[in-house]
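# Notes for the structure review
For reference, the chains in residue letters:
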Amino acid sequence: MVAEGGRRVLAAINPAAAAAGLAPGMPLADALSFLPGLATVPADPAADSMALTRLAEWCGRYSPWTAPDETDGVKIEITGSAHLWGGEAALAADLARRLARQNIAHRIAIASTLGAAWALARYAAVDNQPALPAPQDERAALAPLPVEALRLDPETVQGLRRVGLRRIGELYPMPRDALARRFGVNGLNGVAHRLDQAFGDLPEPLSPLGETPSRRVRLSFAEPIADPADLTRAIARLVEDLTARLAREGMGARRLDLGFHRIDGRVEHIRIGTARPSRDPRHLAGLFTAKLDTVDPGLGIEDMILAVFAVERLPPEQAELAGSNPKTAAHDMASLLDRLGNRFGLDAISRIEPRQSHIPERASVNVSVERQTGTTSTPSPPPGAERVGVRWGIPECSPTSPPHPPIAGAMGPSLSSLRGGEGFSRGSVSKPPRPVRLFRPPEPVEASWLVPDNPPVQFTWRRRLHRVVRADGPERIAEEWWTEEGSREADAIRDYYRVEDSEGRRFWLFRAGLAQSEPPPRWFVHGLFA
Amino acid sequence: MSQTARLAALRDRIRQIEQPARHGVLPFAVAAIDSVLPGGGLALGAVHEILGTGGDEEDGAAAAGFAAGILARLCPHPPAAGAAGPPSPAVRERVKTDGAPITFSRTAGEGARGRSPRAGEGLVLWCLKRPDLYGPGLMAHGFDPARLVLVSAPRDEEILWAMEEGLRLPGLAAVVGEVGRLPMVASRRLQLAAERSGVTALVLRRWRNGEEAMAERERPSAALTRWRVASLPSRDELKLRDDPRLRHSIGRPRWRVELLRCRGGVPAQWVVESGDVEVADATGHVCLSAALADRPAAAPNQKPGRREAGGLDAEPWRRRAG
């Protein structure tokens, strides 16, 4: 039952209601006059569509190419997979049996085109009697069906009926260009177009549910299995089948999906990714079994389908060397990253990459191994930026200078530079020291100072008071106004101080904003020195 | 047999049984420290704990700096077994006497002479809760952050799991983990994995708060050594004392390094001064503070003793009792 234009109408009915003369689209008031005891529930199209998608996914046991069809059907491309079931009739029988077990009323048709199958399933097939015309009989099988079976919109159907064309067969003798002229105006829904699709004169690609795997291995069980040990054995077999195939092709898998088809029609998945192409059965099986506890087998699993979505070329010598040979070090590293990544997520694994930036937190960034590209960098300052930089106390920094060493030499009017070479004995450019730990974001502290331009005399950080005994600085670091990120920040100028407290711990403090400005500047601890 | 000779023989036997240096050692190249460590350096293929002090027990900054200095000179182990070319003399010697507790030093100099892989090469897996390591800062301690693979995991158990996975991989130079709790069983598992693969593990203890620190600080573990590193206040440098502008500027980093536990060794402590953190320390070396004798930073229960050690004006203060 669904609300439509202020009235409540029937959206779908069961066989008993149909027998009583009800039909979808009938107003509820009329329906109740036929059947006063009619039980109704509100329609839930979203849940229906989800259930249909789930059903389409479950049908993945027959073929990788499945998709829900409008609101009431599932299309399955079985070209090339019917023989695995002993022919189309046997496949249809298996499908019918399994659907019946799930209490799903169904009508099945198999035809050589999507259009023909659509028509046959809806207008020729009856319950428990699939429509399976031989390819050469399809034309004849479609002829007695009403023109609606061609997937036409209601106006076109009305138009055809007005000129007395009620059955598909009556369209066969019509001149095609006349049909196209008269009823072909609405493009894809045109009669001629639909006819061509039904007879395979026009291709109609099936867009499958989700991504289509490039390789698939399936394992069916006579008795549903649920025991983890059985599942582990099944995984090992599937993976061996797959890796044998990959080895023949000289390929390695990058992205895999293992589907567990439960007897209640639900499908559970384990998805894994690998950092490098792999066809090592032990490694891949290990990745799957590590995640096996995320799979709820329900009452049992009747099929397992291992699908590969991404492969890459993998020469034999790279894959087959094993053990601690140093040549396989990269390979071992990749499998370690896979194990870690599949437990913590690839996001949790990162490398530290240097960037060309004055801003400390941007000069060294953690890049997840997943996103790592190796050549990314923050935008360089535009021509002329260097001069502005000098005004703010940043020395010249050529935008073309190499990215390493990672610290863009940014030496402010610091006392450190005066220390008679002490601490900077080697290297032409003196760099103020950088901390080993950096807080992102910087942590605010309560600081008290005597002279606005000086470092604080003491500060409270994490509820602990630190008395400043020594300090170096300031090193002024100005915002990179030429980056999009930079222009958004309010505290464009930071004066950094290296301070040592009475215990000897060394902090990297900075003052955000100018010393004499209003509101008063705020202090942050940005990092810790070892 | 004199009593000392018998003691030495016994000590050797114990060392053989324990085999703390089965995979060789990494000397600190500071005689005063290396002489205390069994085998003359930090045992490779073993677990070492590093602690902080005071507030740094939570932040682990000094521990990270100390670890970076060690990592800077570590490389994958065993070095290139089966790689092209004849093994270097040191490798050959090790192979010949495999199983016997022979030790040889793998210093930066040796690595530079063409051993493969060289010291300071190979990836380091560093597992921690929040990736707060800063590349330029690590670089300053001689450790190239490009060698790092960081793994962030929210809980100690997960970090220990990741460490153990890493320790199974002989191709890694080292595995570092930052954990609060290190249960005995977990540390033993790490130690076994490290012994098997020859990969060295550093466990930086980082406690959330004072209570956790209190509960964990003294808890034993299966690690071969336990170190505590504390930053010390800067020394007043004579040449700077006269310049009023520089009187309060910060000097070179100085650490008090304590060897709290050492299997087959004696606890000791030293004051080390990072030679030149910004540049020269690119070798990861530390040197003992030259002014050590003038300004002992020893805890009250320790008695300064003085002896010439390797030309350095320094000697560890050993604890009087245990």
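A brief look at the structure comes next. (Residues numbered from 1 in each chain as written. Chains lettered and ligands numbered in written order. Predicted model: local features only at pLDDT ≥ 70, side-chain atom pairs only at ≥ 80, totals over all residues.)

### Re the nonpolar core
The biggest cluster of nonpolar side chains holds 107 residues, and the ones touching the most others in it are Ala-67, Ala-174 and Ala-201 of chain B. Considering each element in turn, this core owes the most residues, nine residues, to helix H4 (residues 61-71) of chain B. Three or more residues apiece are contributed to this core by two domains, here domain 3 (216-320 + 327-344) and domain 4 (437-529) of chain A. Beyond its immediate stretch of four places on either side in the chain, Ala-201 of chain B contacts Val-47, Met-163, Leu-167, Ala-174, Val-175, Leu-190 and Ala-194 of chain B. (Core = buried A, V, L, I, M, F, W, Y, C linked by C-beta atoms within 7 Å. Buried ≥ 20, exposed ≤ 12 C-beta atoms within 10 Å, placed from the backbone. Helix = DSSP H or I, 4+ residues; strand = E, 2+ residues; numbered from the N terminus. Domains from an automatic or database assignment. Contact = placed C-beta atoms within 7 Å.)

### Some points on the sheet that holds strand E8 (residues 301-313) of chain A
Residues and elements named next belong to chain A. If you walk across this open sheet you meet the four strands as E5-E8-E6-E7, and the pairing is antiparallel. This sheet does not close on itself; its edge strands, each paired only once, are strand E5 (215-225) and strand E7 (267-278). Neighbour-to-neighbour, the strand axes of this sheet turn through a mean angle of 15°, independent of strand direction. Pairing of E5 with E8 involves seven bridges; the strand directions are antiparallel. Counted as the bridge partner of Val-217 is Leu-306 from E8. The strands touched by helix H10 (residues 228-249) within the sheet are E5, strand E6 (251-262) and E8, with E5 carrying the most contacts at an inclination of about 155°. Against the sheet, helix H11 (residues 281-290) touches E6 and E7, its axis set at about 140° to E7. (Pairing = 2+ DSSP bridges. Axes fitted to C-alpha atoms, helices over the stretch in contact; angles between N-to-C directions.)

### Focus: the packing of helix H8 (residues 156-167) of chain B against helix H9 (residues 184-197) of chain B
All names here are of chain B. One way to put it is that H8 packs onto H9 with a least axis distance of 8 Å and a crossing angle of 15°. Classified by the angle their axes make, H8 and H9 are roughly parallel. In this structure, H8 meets H9 at a crossing whose hand is left-handed. Counted together, Leu-160, Met-163, Glu-164 and Leu-167 of H8 and Ala-186, Arg-189, Leu-190, Ala-193, Ala-194 and Ser-197 of H9 form the full contact between these two elements. Counted by class, the contact of H8 with H9 contains seven nonpolar, one polar and two charged residues. (Parallel < 35°, antiparallel > 145°, perpendicular 65-115°, else oblique. Left-handed = near helix turned anticlockwise from the far one by under 90°. Nonpolar A, V, L, I, M, F, W, Y, C, P; charged D, E, K, R; others polar.)

### Digging into the sheet that holds strand E15 (residues 506-512) of chain A
All names here are of chain A. Taken together, the six strands give a closed barrel; going around it, the order is E11-E12-E13-E14-E15-E16, and neighbouring strands pair in antiparallel fashion. In this sheet, adjacent strand axes meet at a mean angle of 45° when their direction is disregarded. In this sheet, strand E16 (residues 522-529) lies alongside strand E11 (residues 437-448) in antiparallel orientation, the contact comprising five bridges. By the bridge assignment, Val-445 is partnered in E16 with Trp-523.

### Things to note about helix H5 (residues 114-123) of chain A
Of all 10 residues that make up H5 of chain A, seven are buried, and the element is covered over most of its length. Restricting attention to buried positions, one finds in H5 of chain A the residues Gly-115, Ala-116, Ala-117, Trp-118, Ala-119, Leu-120 and Ala-121 of chain A.

### Remarks on the pairing of strand E9 (residues 254-262) of chain B
Residues and elements named next belong to chain B. Within E9, seven of the nine residues are buried, which leaves the element mostly enclosed by the surrounding structure. Pairing geometry for strand E8 (residues 225-232) and E9, over eight bridges, is antiparallel. Within E9, the position partnered with Arg-228 by the bridge is Glu-258.

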